[in-house]
Amino acid sequence: GSGDASRAGADWRLALWTLCSVLLPVLITAWCSFQRSRRQLLIRDIFRKSKHDWHYTDLFGQPSYCSVCAQHILRGAFCGCCGLRVSERCLKKADQRFLCKEIMMRGTAEAPSSMPHHWIRGNVPLCSCCVVCKQQCGTQPKLCDYRCVWCQYTVHDECMVDCLRTEDCTFGEFKDLIIPPYYLSAINQMRKEKRTSYEKVVPYCRKHWMPVMVLANTRSGNNMGETLLGEFKMLLNPVQVFDLSKIAPAKALQLCTWLPCNAVRVLVCGGDGTVGWVLDAIDEMKIKGQERYIPQVAILPLGTGNDLSNTLGWGAGYAGEVPVEQILRNVMEADGIKLDRWKVQVTNKGYYNLRKPKVFTMNNYFSIGPDALMALNFHAHREKTPSLFSSRIINKAVYFFYGTKDCLVQECKDLNKKVELELDGERIELPNLEGIIVLNIGYWGGGCRLWEGMGDEPYPLARHDDGLLEVVGVHGSFHCAQIQVKLANPVRLGQAHTVRLILKSSKMPMQVDGEPWAQGPCTVTITHKTHALMLYHSGEQTDDDDASSLSE
């Protein structure tokens, strides 16, 4: 009996130990998970209430030291505006101790016309030089040296003298692009007092001041926009940098009314669709009677369709290869030009008075036929699986697939029998075609100069500011591909101020600036709408991804 009792006791002990060995790790994991989520809630709360633009990272991109405890840190929080870096446990202290970049000067009765440097200690950019001794900064493996968040000057700890702490900040290399906080305070005060004589306010009165606004579409180009937003906020006043996923262009552009007339430059970071969206908002400013505040537009090409930016010399696609400082220099040096914008009116056949015509604004091109069919197929698949289409290379591969698939199907056959084309009221006799493309700009289809083709025939030059459209025909998607690699010429149908296209029968794919749809019998009329003020960068243009010496 006693043997059975001891065996039963041993079994109970074993069961208890087994239970403990299973429950203990579960409880520890649950406790850690609870603490982590509590910590994350606290961090999120600090992020939400803070004046800093905090972001959390699991790994800093360069050796980093906490601005509070000076310890070496691999992960933690950083401010996207002033560049502070702190460990997780020092976040609350840092938030209370350090001021971020002020977008507007606080509570001064008389608005000043200058401000002192705003120094942040440690984590200076790699390869930066001291303004005093001209030697390299940030070389020691510790929290050392200072950087001004406005002018980007860097100074060694031992070179930092009292006069540097109190002297006025010059705003550095980009003083002509930055909107100083004291300027916004002065204008704000004058608006409250209903005064409009901004001419005496510094730097409004300065001759070369051309404030820049950055409008970035963070959904374009593989999340490149997120990174760019932070880099521009570091170099400029954060009030000049807008995320178009959070604020509409029309609202962002109201900042222009605080700035000198005809001086503002807008840098749009996104694809051609984003540029079109911003240009539409600028047209709304004209309607509101704000014509004198209209800015000039430069482009940083993210996303897939970048034919407009290529035409204006900004390249076919940005992947981070050019430093943000160089982009700002390019914007400063760019020349102002005009871009024609066109009204595309699509009136369905039949009950004209019952159905309102569809109206589009065109900057790049209109087409009917194989390239519109490719865009329509591509668009349908991108709507289904957007995550697959974040890479420019995958997008081009999918486009190629639809182009070759179309060669086999030939869905756009005998287009010349289905449509009538009029250029400036004159009927054009069409040869055997599958597609018609109406061009406003030099580049088409991701980097191909369609109107020039192989460049071996005499033809009138294509321009984007002459009030003329170029109209070409293609024999199919295989012919499109041959033109893209300069093995064939398009069928040049002519140039015109007004284009009218009548689709007599059947349904055909159409597109305006990469936005495709399937269209039944209709009349398409393209007429001049307005001019947009753009900026032309005279650096190298790219033909797809290879440098091309073709001049505009």
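Each value, and the rule that gives it
Along each chain, the written sequence defines residue order, and numbers are assigned to residues from 1. Predicted model: local features are reported for residues with pLDDT of at least 70 only, side-chain atom pairs are reported and counted for 80 or more only, and whole-chain, interface and lining totals are derived from all residues. Only hydrogens and water are set aside; all other atoms, that is, all heavy atoms of the structure, feed into the side-chain values. UniProt positions are given in the numbering used here, feature names are shortened, and annotations may be inferred rather than shown by experiment. A 1.4 Å probe that fits into a set of points on a 1 Å grid over the protein atoms alone but cannot get out defines a cavity; an open set with protein on both sides within 12 Å along at least five of seven lines defines a pocket, and lining residues are those with an atom within 4 Å of a point. Grid points are joined across faces, edges and corners, and a volume is the space filled by probe spheres set on the points. Numbering of helices and strands starts at the N terminus; helices are DSSP runs of H or I of at least 4 residues and strands are runs of E of at least 2. Among buried residues, the Ala, Val, Leu, Ile, Met, Phe, Trp, Tyr and Cys ones that are joined through side-chain atoms within 4.5 Å form a nonpolar core. Type-normalised accessible area, obtained with a 1.4 Å probe on protein chains alone, sets the label of each residue: buried when under 20%, exposed when over 50%, and partly exposed for intermediate values. Contact criterion: two residues are considered in contact whenever any of their non-hydrogen atoms come within 4.5 Å of each other.

The name given to the chain in an unreviewed UniProt entry is Diacylglycerol kinase, with Vidua macroura as the source organism. Quoted verbatim from the Sequence similarities (unreviewed entry) field of the UniProt record, the comment on the chain reads "Belongs to the eukaryotic diacylglycerol kinase family."

Peer 1: Please explain the layout of surface pockets as it appears in this structure.
Peer 2: If a probe as big as a water molecule is rolled over the atoms, it shows which places are left empty. Each pocket or cavity is described by its volume, and for the second largest pocket that value is around 1400 Å³. Surrounding the second largest pocket, 46 residues form its lining, Gly80, Thr227, Gly230, Glu231 and Met234 being those nearest its centre. For the lining of the second largest pocket, the elements supplying multiple residues, two or more each, are β1 (54–57), β4 (76–79), α5 (224–235), β10 (241–243) and α9 (324–333). The element best represented in the lining of the second largest pocket is α5, accounting for eight residues.

Peer 1: Just checking my understanding: could you explain the nonpolar core for this structure?
Peer 2: Proteins that are soluble and globular tend to have nonpolar side chains buried together. Ranked by internal contacts, the top residues of the largest apolar core, which has 102 residues, are Tyr183, Met213, Phe232, Leu236, Leu253 and Met534. In this structure methionine 213 touches Gln240, Phe242, Ala252, Leu253, Leu255, Cys256, Val264, Arg265, Val266 and Leu267, once residues within four positions along its chain are discounted. Cys412, Leu501, Val512 and Trp517 belong to the second largest nonpolar core, which has 32 residues in total.

Peer 1: Please explain the environment of valine 324 as it appears in this structure.
Peer 2: Here valine 324 shows up in helix α9. Distance from valine 324 to leucine 235, taken between C-alpha atoms, is 8.8 Å for residues 89 residues apart in sequence. Setting aside residues no more than four positions away along its own chain, valine 324 makes contact with Leu228, Glu231, Phe232 and Leu235.

Peer 1: Any chance you could explain unusual backbone geometry here in plain terms?
Peer 2: The phi torsion of most residues other than glycine is negative, and most of the peptide bonds are trans. Backbone geometry at aspartate 145 places phi at a positive 70 degrees, although glycine is not the residue there. Assignment of secondary structure puts aspartate 145 in the loop between β6 (119–121) and β7 (146–148). Aspartate 145 sits in the buried class, given a relative accessible area of 2%. Positive phi, normally seen in glycine, also occurs at glutamine 152, with a value near 65 degrees. Here glutamine 152 shows up in the loop between β7 and β8 (154–155). By relative accessible area, glutamine 152 is classed as partly exposed at 25%.

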